[in-house]
Structures are given as C-alpha cells and as structure tokens.
Amino acid sequence: MTTLIIILCLILIGIVIVQLGRVNELAGKIRGQEASENSANNFHGIMCIVFLIGFMIMAVWTTAYYKNWCLGYGPHTSASEHGELLDGVFNITVFFTAIVFVATQIALFVFGYIYRYKKGRKTLWLPHDNKLEIIWTAIPAFVMTILVVGGLDAWNTVMADVGPDEEYMEIEATGSQFLWFIRYPGADGKLGTKDYKKITGINPLGQDFTDAKNWDDFQPSEIVLPVNKKVRVRITARDVLHNFDLPHFRVKMDAIPGLPTYFVFKPTITTEQYRQNLKEYPEYNVLADPEDPENKKKLWEEFDYELACAELCGKGHFSMRKTVRIVTQEEYDLWLAEQQSFYMSQIRNSDEDPMKGKALDMEIRQRRMTFNNAVEKARASETDKVIRLDHVKFQTGSANLTDDSRYELDNLIGALNKYPEMVIEVMGHTDNVGNPTGNQTLSNSRAASVVNYLLNKGVNSSRMTSKGYGDKVPVEDNATAEGRAKNRRTEFKIISQ
Ligand SMILES: [Cu+2]
C-alpha cells in the first residue's frame, strides 16, 4: 500500500514538473523567447556564485566549529605512539585534497557563471594541448607519489609486528554477534590454545583446558592496559566479519573468522590524563546528561576510551561497545591481582573440565603456599598449634590415601625438614555416620596411614605419633553433607618445635 502511494506521488510530481515547464514555455512565448531565456540564464549564473560563497563559508565554518569533536584535532590528538604518524599522513592528505576541493568548487561554479549561454558566443575549439596535458598529468602524479610513498612508509611502520627481543604484552579480542570476548594470558604471559570445535555454552572461545596455558587466562569485561607499554592484540572472530576499532588510538583491524589478524600499539595517554585534556575545552564542560537532574557530571568527567566494532555485522552491531581504560602501571597491577582465571572460576571441576579430580600445578603451588603460611602461623601462636591437612584424602571407608594426597604430605615433609626439632601428632577424625567404634578404628588407621607415609619418606619415627579421635571432635554440624565432609578431616598438632 505504502509503495503504491509513493509511486502515485512520484507520478504526480512528474506531472507537476512537466506542467510547470509548459507554463514557462507559454509565458516565454508571451514575453518573447529570448528575453525570457536571458533572464533565466543570468539568474542561474548568479545563483551559482551565491551557492559557491554560501557553501564555502559553511565548509570553513563547520570545520572550525566542530574541530574539537574531531579525531586528530583539539583535545583528540592520538593517544597512541603510532597514531601521531597516521594523523600526520592524514593531515598531508587533507592538505592536498583541500586544495583540490576548493579549486574545483570555485572552477565549477565560477565557470557556470562566466560561461552561461550568451547569443553569438562560440566555444573555443581545443583539440589538443601538450602543455595542458603535461601539467594535469605531472601535478597529480607528483602529489599521488607523495601520498602513496608516505602512506606506504607509515603503513609499514604501523603494521610492523613485535621484534623477537621486544618487551610487550599480548591480549586477544574475539568478535562475536554481538559482543567482544577479551582474553588476557594470566601470570604465565601466554594465551592458551583454542579449537572452535570445543566452543560450548560455558566455553565461548573453545579453549582447550588440557593446555596448562589456558588455566590462568582470564576474560575481563573491559580492556585495561598500562600506559606506555606495547600491546599486541590478536584479533579474530567467531561468526561473521567484525572490526576491532579503538578510534582514540588509531587502531583498526578486521576480525575475520578463521584468519587471525593482529595490531601492535602503545597507549601513551591514561584515561585520566585524557579527561584532564578535555577539561580545557568549553565543549566538554557541559553536563554529560542534561536530562538527568541527579547526574551533575560534566562531559569530560564521563569520558572513556572505547572499543567499537567498525563492521556492520548485524542488527545488534551497536551493542559491541566496550570500555577501554588506560592506567598507570601501579593501577594496572592492582587490577590484575583482582582478575580471576576463567578456567578456575567457571570450568574447574565442572563436567566440561578435562582435568576434573586432578590437582593442577598451580593448585599444588597455591596449596604449598597456604600450608607453609599455616605452619608459620601455628609456630608463632601460643595456643593454636593445630594445622588442618585439607588436601589429604582417603578412599571411601578405608585408610588408603588418594594419589593427590601426596602433594600435601610432601609439604608436611618439607616443613619437618625445615624445622628439624619439630615433633608432631597426626590426628584422624570422622563424621558421625556409622557406629562410633568403627569410626574410632577408621580414624586410628587413617592417622597411622599418614605417619606410615612419612616414615617411608624418611621422617624419623621419634618425631611423630598418630591418634584417632573418631567422631568425638566435630568442627561442624554433622546434619549437613557439607558439615560431615568437614568433619572427616586429618590434622596435625605441633607438640614441640
Ligand atoms: Cu561486529
């Protein structure tokens, strides 16, 4: 229906134009054809000049008026090292194209005025002019050479990958309809391997969790980078074409499924410094949101760098915005310490964890630190001499140690070696399920089993005793499964140190 109305409107407009033409023709006949044409040509010629002047004024005025909102000008000088180079190339291009722009616009409209129809005037017959040909070939060729050579040189500098000995950090950005997944390498500084076939609801990047490099990788909700440190961003996509665009850093690179790309850049201005720069400009000293009476913040205070998707990737394209924060090294370290490994917080010991039930190197290291701290604390304390062996476990209903218990027991051997005077009592406990006598026997043999392990590892028998406490010393209520699990524990007490 709408289409039909539009078509009808167009037909009607056509008829109106034709009718106007006819009216004009008739009027011409009445007034005399020639006089009428002359006045129309003069009017059009003068309007060309008026348009030219108006257009040029608007072009210059808008440029000056909006300068401080444009990247590259006013407060928006580049916030990255290579960005200045690109801005330079851009400015050279603007310089030449502006000359051409102004010259061609003037020629277009002034010629329209000067060479409007006049009776008896003939056009100049100019079949060929060598001088003219040379000029209009040589000048553009010269300018193009400057632009292309300068541009290529800048491109090679900007796109250079990191050198083999260069210090840099690496992160990964994966475009997806419609959000960016950002991955940091964690403490090992290395991003773990991925396989698109491993992508699931809870493993959005298809990380291969048998690869230890994946265990400390984390996926923050924003990009945080330390200032003045080179960053290499691995850029990829999960579904369609996206584009990794950090406009303030002049970083822009396609994110292509199946074809990894990268961009190396060094941010040079922190978010806070950028805000302070903006503060100097009246444009940014207005309320950030005049509609919100609660929000008294100015535009400059609410400024944040952003990551956008610069490829129209679908109807949710607009929502691919992410905040980018550039901070000092100290602030970055603090932020880094707060980040949780994706694997440890989302995957560990779930059904998708290929390492389920096995102790990881990083966990073993972490447990060793916790254990050593507990020993130091108990040695320093006057009253609290008991240390729980949280990771010493037995097979159900028996005194057989599980394989992974050795890590914690080796920590204990480490402490006994470190403090040769230390004498301990190993204590076994159970929950209250089953009969008390059975529990007593089980706790006895479990404590003895630990002592046996230590003996086999060369600890002198005079330095340790074992004792079972059965279900007599619960630390939690036996009514819940969680409480019972906590009661089935092994501890040791420092008798002398
Ligand atoms: Cu996109």
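Residues numbered from 1 in each chain as written. Predicted model: local features only at pLDDT ≥ 70, side-chain atom pairs only at ≥ 80, totals over all residues.

### Thoughts on the sheet that holds strand E6 (residues 251–255)
At step 1: Pairing is mixed across the open sheet formed by five strands, whose spatial order is E3-E9-E8-E5-E6. Both edges of this open sheet fall to strand E3 (223–226) and E6, since each of them pairs with a single strand only. The sheet shows a mean angle of 20° between the axes of neighbouring strands, taken without regard to direction.
At step 2: As paired elements, strand E5 (residues 242–246) and E6 share five bridges and run antiparallel to each other. Across the sheet, the residue bridging to Asp245 is Lys252, located in E6.
At step 3: The sheet strands contacting helix H6 (residues 329–338) are E3 and strand E9 (322–327), and the helix crosses E3 at an angle near 135°. (Pairing = 2+ DSSP bridges. Helix = DSSP H or I, 4+ residues; strand = E, 2+ residues; numbered from the N terminus. Axes fitted to C-alpha atoms, helices over the stretch in contact; angles between N-to-C directions. Contact = placed C-beta atoms within 7 Å.)

### Some points on the sheet that holds strand E11 (residues 423–428)
At step 1: With mixed pairing, the four strands of this open sheet are ordered in space as E10-E13-E11-E12. Every interior strand has two partners, whereas the edge strands, strand E10 (386–388) and strand E12 (464–468), have only one. Shown here is a sheet whose adjacent strand axes are inclined to one another by a mean of 25°, direction ignored.
At step 2: Pairing between E11 and strand E13 (residues 490–496): six bridges, direction antiparallel. Following the sheet pairing, Gly428 is matched in E13 by Thr490.
At step 3: Against the sheet, helix H10 (residues 436–456) contacts E11, E12 and E13, and its axis sits at roughly 160° relative to E12.

### Here we look at the packing of helix H3 (residues 81–114) against helix H4 (residues 130–158)
At step 1: Running from N to C, H3 and H4 point in directions that differ by 170°, and their axes come no closer than 10 Å. Taken together, the axis directions place H3 and H4 in an arrangement best described as roughly antiparallel. In terms of crossing hand, the pair formed by H3 and H4 is left-handed. Taking contact as the criterion, the partners of His82, Leu85, Leu86, Val89, Ile92, Thr93 and Phe96 in H3 are, on H4, Val143, Leu147, Gly150, Gly151, Ala154, Thr157 and Val158.
At step 2: Looking at the contact of H3 with H4 residue by residue, the classes come out as nine nonpolar, five polar and no charged. (Parallel < 35°, antiparallel > 145°, perpendicular 65-115°, else oblique. Left-handed = near helix turned anticlockwise from the far one by under 90°. Nonpolar A, V, L, I, M, F, W, Y, C, P; charged D, E, K, R; others polar.)

### Some remarks on unusual backbone geometry
At step 1: The omega torsion of the bond from Gln177 to Phe178 falls at 0°, within 30 degrees of zero and hence cis.
At step 2: When you line up the elements, Phe178 lands in the loop between strand E1 (169–176) and strand E2 (179–183).
At step 3: One non-glycine residue with positive phi stands out, namely Asn228, at about 60°.
At step 4: Within the fold, Asn228 resides in the loop between E3 and strand E4 (231–237).
At step 5: The class of Asn228 is partly exposed, set by 14 C-beta atoms lying within 10 Å.
At step 6: If you check the backbone angles, Arg250 has positive phi at about 55° while not being a glycine.
At step 7: Mapped onto the elements of the fold, Arg250 is located in the loop between E5 and E6. (Buried ≥ 20, exposed ≤ 12 C-beta atoms within 10 Å, placed from the backbone.)

### Quick look at H4
For the α-helix, the turn length of 3.6 residues means that residues three or four positions removed from each other point alike.
At step 1: In this model, H4 (29 residues) spans 41 Å end to end at C-alpha, consistent with the 42 Å of a helix rising 1.5 Å per residue.
At step 2: Buried residues are scarce in H4, accounting for zero of its 29 residues. (Expected span 1.5 Å × (residues − 1).)

### Comments concerning the pairing of E1
The side chains of a regular strand alternate, first on one face of the sheet and then on the other.
At step 1: Pairing of E1 with E4 involves seven bridges; the strand directions are parallel. Within E4, the position partnered with Ala173 by the bridge is Ile235.
At step 2: From the end of E1 to the start of E2, which pair antiparallel, there are two residues.

### Side note on the domain arrangement of the protein
At step 1: Here the protein is partitioned into domain 1 (33–117 + 132–158), domain 2 (169–347) and domain 3 (361–496).
At step 2: Each of domain 2 and domain 3 has a C-alpha centre, and these two points are 45 Å apart. (Domains from an automatic or database assignment.)

### Thoughts on the packing of helix H8 (residues 361–380) against helix H9 (residues 405–418)
At step 1: Close contact between H8 and H9 brings their axes to 10 Å; oriented N to C, the two are set at 40°. Between H8 and H9, the angle is such that the two are oblique. The element H8 and its partner H9 pack so that their crossing is right-handed. Residues Ile364, Arg367, Arg368, Phe371 and Val375 of H8 form the contact with H9, whose participating residues are Tyr407, Glu408, Asn411 and Ala415.
At step 2: Broken down by class, the residue content of the contact of H8 with H9 amounts to five nonpolar, one polar and three charged.

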